[in-house]
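# Structural characterization, general
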Amino acid sequence: MDTLKHQTVLITGASGGIGAAMARQLADPTVTLLLTARSADRLQAVARTATAQGARTAIYPHDLGQPGAAATLFDRICTDGFVPSVLINNAGFGKKSPFEAEAVATYEAMLTLNVTNLVSLTRLCLPAMLDAGQGGILNVASTAAYQPLPFFAVYAASKSFVVNFSEALHEEYGRRGITVTCLSPGSTDTAFHERSGAPTDVLGPQATPEAVARDGLRALRQGKRSHISGWRNAVSGVLGRIAPRAAAVKVGRLLFAPDR
Ligand SMILES: NC(=O)c1ccc[n+]([C@@H]2O[C@H](COP(=O)([O-])OP(=O)(O)OC[C@H]3O[C@@H](n4cnc5c(N)ncnc54)[C@H](OP(=O)(O)O)[C@@H]3O)[C@@H](O)[C@H]2O)c1
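For the structure given in this document, a descriptive report is provided here. (Residues numbered from 1 in each chain as written. Predicted model: local features only at pLDDT ≥ 70, side-chain atom pairs only at ≥ 80, totals over all residues.)

Summing up its helical and strand segments, the chain has nine helices and seven strands in all. The C-alpha radius of gyration of the chain comes to 18 Å, within 12% of the 18 Å expected for a compact globule of 260 residues. The principal-axis extents of the C-alpha atoms in the chain amount to approximately 50 × 40 × 30 Å. Residues counted as buried form 47% of the 260 residues belonging to the chain. Put simply, 69% of the contacts in the chain that link residues at least 6 apart link residues at least 24 apart. (Helix = DSSP H or I, 4+ residues; strand = E, 2+ residues; numbered from the N terminus. Rg over C-alpha atoms; globule rule 2.2 N^0.38 Å. Buried ≥ 20, exposed ≤ 12 C-beta atoms within 10 Å, placed from the backbone. Contact = placed C-beta atoms within 7 Å.)

The following block contains the structure:
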């Protein structure tokens, strides 16, 4: 995928943060943007900006934290006559708290959004890309993916899934013209922290959503397998992968424990 011009791009989590920044950066007269998230008004605002930049846009207010939601979203998109040639699976949320503090329903919604519907949307969008002999998929994981994180356990594990799933598909589909790229942001200045309660100061200053979006879209265009955004995060990602598990999990506790 050496260009993102003339593509029909489906972006989940497009109502704010990194997803909205990607929409603004992709918007030009050659592109069709299919924007989804739950908040219709915020999606509308992102779509207005993209339309002003010349893009064709359609919004799909939709809760991807519900089982089966990927299929209903995909049906609506097909009914409107759109065929995504690029899929950006960006929507996600976490909760930083002792494991027992959150309700079962919260974890089920988190895993449905971060994992199940990401897999389902990928599966649903892939056949048309294979028919066309080209396509691009960008899955947004996190630096939280690279080691177990006490007090952020479910979110971190869900993002480990995203990294492993994406890297496997990259290898599986690269030879068939489809690039699958995983983007791992570190701490980024979005609503994520207010919603998750995660600390903002783990590895130095936060990135802007614009910088992370630019990095991710470049990695997608270059057809990279995986990209960790920001040099501090890249170093921590490598350390998280190679450090002895017992040490990595202790560092995680130091960074994320409520009384740190
Ligand atoms: N910010 C960080 O520090 C950071 C670091 C690493 C990775 N990430 C990852 O980056 C991605 C984007 O997050 P962000 O930082 O841009 O945070 P954000 O500003 O909170 O954006 C999250 C997006 O996901 C959407 N969303 C949340 N729950 C949803 C649901 N049930 N159904 C459909 N859409 C839903 C939100 O829109 P609605 O609320 O309108 O539905 C929003 O558009 C996420 O996958 C996150 O895990 C973020």
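Here we come to the sheet that holds strand β6 (residues 178-184). Taking strand neighbours across the sheet as the criterion, the seven strands line up as β3-β2-β1-β4-β5-β6-β7 in an open arrangement whose pairing is parallel. The open sheet is flanked by β3 (56-61) and β7 (226-228), the only strands paired with a single partner. Ignoring strand direction, the axes of neighbouring strands in this sheet form an average angle of 15°. As defined by bridge partners, strand β1 (residues 8-12) adjoins strand β2 (residues 32-37) across five bridges and the pair is classed as parallel. (Pairing = 2+ DSSP bridges. Axes fitted to C-alpha atoms, helices over the stretch in contact; angles between N-to-C directions.)

Bringing helix α1 (residues 17-26) into the picture now. In terms of burial, α1 is a largely internal element, eight of the ten residues being buried. Within the span of α1, buried status applies to Gly17, Ile18, Gly19, Ala20, Ala21, Met22, Ala23 and Leu26.

Moving on: the environment of proline 29. Checked against the element boundaries, proline 29 lands in the loop between α1 and β2. The exposure class of proline 29 is exposed, given the 10 C-beta atoms found within 10 Å. Residues proline 29 and alanine 55, 26 residues apart in the sequence, show an inter-C-alpha distance of 4.6 Å. Contact partners of proline 29, with chain neighbours within four places excluded, come to Gly54 and Ala55.

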